[in-house]
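# What the coordinates show
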Amino acid sequence: MTQVPWTIQNFRNLLKTCISHRNILTGKSLHTLYIKSLVPSSTYLSNHFILLYSRCGLLATAHNAFFQTQHPNTFSFNAIIAAYAKESLPSVAHNLFDQIPHPDLVSYNTLISAYADCGRTEPALELFKKMRDLCFEMDGFTLSGVITATKRDFLREAKRVFYEMGECKDEVSWNSMIVAYGQHKEGARALALFQEMVRRGFDVDMFTLASVLTAFTSLEDLLGGFQFHAMLIKTGFHQNAHVASGLIDLYSKCGAGMLDCGKVFEEVSGPDLVLWNTMISGYSLHEELSDEALKCFQAMQRVGYCPDDCSFVNVISACSNLSSPSQGRQIHALAIKSEVPNQIQVHNALIAMYSKCGNLPDGRRVFDKMPEHNTVSLNSMIAGYAQHGIGTESLILFNHMLERNISPTSITFISVLSACAHTGKVEEGQKYFNIMKEKFGIEPEVEHYSCMIDLFGRAGKLHEAEKLINTMPFNPGSIGWAAMLGASKIHGNMELASKAANKLLQLEPSNAVPYVMLANMYASSGKWEEAAMVRKLMRDRGVRKKPGCSWIEVNKRIHVFVAEDILHPMIKEIYKYLEEMGRKIRLAGYVSDLRWSLVKEDEIEAGEKEIKLRHHSEKLAVAYGLLSTKDGEPILVIKNLRICGDCHNAIKFMSAVSGREITVRDTHRFHCFKDGQCSCGDYW
């Protein structure tokens, strides 16, 4: 009599445990028993299988579980809507929402949050207005979703919604509004709201304090963050893992340095997985500390934590900056073995990592094997093609995205405009720039204007580029002037280059790039006195140029080269190889471009100029790669500065003569050389 209920109770408890621990293997076994009718069917159990697959990031399986539910109720719909919302697919979620006979507060809150997380303000506000018309009794989560949606563009609307709530506001509402003020650089108001919240007697918990820290982070107010940290120490909250996570996020993003982050971390007696992830994320934000991110990831595993999707996303991001592409492949293998939930986020990070490491085919393979894609997946792949100069594929994917009704984001358009800029598609670029606001309601930001300046500049339309920079609705900042300087350099316009460099130096006086670019432009055009003046100004201001170097990984070892290198153990063989290769490529039509030696005619003989050019770091790294790898094997060289024009031309010929595919990643893009051609089409 009691045997069946007891079995069902055990089944329910085990299923709930699988959901809370994201144990997909046991969960699938339970689902098999359920499908085979070994356990009586019920909407309650069906709903929990939807939750299981949703929590584990298996959207397609969650979708199937929903449609296999014989009598779905509102909870069933809410569960699958939340699953689609989690994967940034609000349009699909809305279609399901419209099928609910009687949507409840959770239904509305979930869909509002889905639109909010994607930055789509209008649909979120329409749902909120509908709730008011239907006299729904809204809670803090409703307000939180609306504020999140509106705070991106409409702070005034967020404030109106907040204050209209009257006495219904709870801690969640206050926390959301504090974050909204912080993201709009209104830190004083965020802090005033926090103080008012305290005066009104609301409980200040770890979530409130984390919201205030988010405000300081958005403001990049490090001094205010230090003062708030002092208050946290006095109250003992600094030892709370959630609050410490906010502090580490603040310090890592606002220039305090990872040393301070380490001190915060050590003060927490029992760091949880989230805190470990925040530390890994902090290291990954600093390219020079990517190795530390990997060490932190390994230390986390040694103390007994299994990495989750967030852990893998952060460490994969760090691997993107490492000199060793093989390290990222090892992390990829570990992620496959770990069977982490929310695989879509891990796959997105892998696509970005492989693209940045010059292995676009593997990035595409990850993309093609994904069971479903979200906006980030497509953004990552579009950006990858744009970085590699394959603009046509970027635009094909973008149009595919629109055909599938996946809404593009601000980041999508940066990649699309960049693809147009790197391939000279001026008309297409202008069209996409215009539809951002007209069709998708996305206000262009400084990055989009910079892409347009770059687009016009590369195409030689410097007048249009200058006109755009003068009519932008906000200060172009260092990004805009850097784009203008780059465009002026490409086309040798000294007047515009000087203007852009001076503007850039006003904003970043310690940045060596504008000095070096301007000096090199003067030198290449024979204006040696002007070049000397710029270099003297650079010395007087104590600004140092970053030494140029190139490196290549061979047999899991990194080999670094500088111009005219003498330290590498195989340097004699490399120079001999370059002499032989030089003869072969000259026979194939290569002619040295002596302007890139940047040395005065009377200071050095023409033959010496050619030798200096031949011994540039990227040529040395390519030569070593060709010497040390098998015939037909592609090689990847990374340079910490922009590739020089002569090296670009020479490596094209080297790829044809050697029959190899040679990829060079510089600070601007990837150059994939094959059969004497470069993926950039010499448009760089």
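All values reported here derive from a predicted model rather than from experimental measurement.

## Focus on the UniProt feature "repeat: PPR" (unreviewed entry) in the chain
- When the UniProt feature table is mapped onto this chain numbering, "repeat: PPR" (unreviewed entry) sits at residues 104-138, 170-204, 272-307, 374-408 and 511-545.
- Secondary structure across residues 374-408 divides into 74% helix and 0% strand, with the first and last C-alpha atoms of the span separated by 10 Å.
- Helix makes up 74% of residues 511-545 and strand 0%, whereas the separation of the span's terminal C-alpha atoms amounts to 9 Å.

## Focus: the packing of helix H2 (residues 24-35) against helix H3 (residues 43-55)
- Relative orientation of the contacting elements H2 and H3 amounts to 150°, with a least axis distance of 11 Å. Comparing the axis directions of H2 and H3 gives the class roughly antiparallel. The handedness of the crossing between H2 and H3 comes out as left-handed. Residue-level inspection shows Ile24, Gly27, Lys28, Leu30, His31 and Tyr34 of H2 in contact with H3, the latter providing Leu45, Ser46, Phe49, Leu52 and Tyr53.
- Class assignment of the residues belonging to the contact of H2 with H3 gives a composition of seven nonpolar, three polar and one charged.

## Some points on the pattern of salt bridges
- Going through the model one piece at a time under the given rule, you end up with twelve salt bridges.
- The shortest N-O distance in the salt bridge between arginine 364 and aspartate 368 comes to 3.0 Å. Here aspartate 368 and arginine 364 lie together in helix H22 (residues 360-369), a separation of four residues that amounts to about one turn.
- A relative accessible area of 24% means that arginine 364 is categorised as partly exposed.

## Some thoughts on the environment of cysteine 56
- Topologically, cysteine 56 is positioned in the loop between H3 and helix H4 (59-67).
- By relative accessible area, which is 5% here, cysteine 56 ends up buried.
- As for cysteine 56 and isoleucine 19, which are separated by 37 residues in sequence, their C-alpha atoms are 8.2 Å apart.

## A closer look at helix H26 (residues 426-440)
- Its 15 residues give H26 an end-to-end C-alpha distance of 21 Å, which sits within 8% of 21 Å, the value for a rise of 1.5 Å per residue.
- Maximum bend of H26: about 30°, positioned at asparagine 434.
- Along H26, the positions that sit buried rather than exposed are Val426, Gly429, Tyr432, Phe433, Ile435 and Met436.
- If you follow the buried residues of H26, they end up packed against helix H24 (391-403), helix H25 (410-423) and helix H27 (446-458).
- Positive backbone phi, at 65°, marks glycine 441, one or two positions downstream of H26.

Calculation rules
- Residues numbered from 1 in each chain as written.
- Predicted model: local features only at pLDDT ≥ 70, side-chain atom pairs only at ≥ 80, totals over all residues.
- Heavy atoms only, no water.
- UniProt positions renumbered as here; feature names shortened; annotations may be inferred.
- Helix = DSSP H or I, 4+ residues; strand = E, 2+ residues; numbered from the N terminus.
- Axes fitted to C-alpha atoms, helices over the stretch in contact; angles between N-to-C directions.
- Parallel < 35°, antiparallel > 145°, perpendicular 65-115°, else oblique.
- Left-handed = near helix turned anticlockwise from the far one by under 90°.
- Contact = heavy atoms within 4.5 Å.
- Nonpolar A, V, L, I, M, F, W, Y, C, P; charged D, E, K, R; others polar.
- Salt bridge = Lys/Arg side-chain N within 4 Å of Asp/Glu carboxyl O.
- Buried < 20%, exposed > 50% of the residue type's maximum accessible area, 1.4 Å probe, protein only.
- Expected span 1.5 Å × (residues − 1).
- Bend = angle between axes of the 7 residues up to and from the residue.

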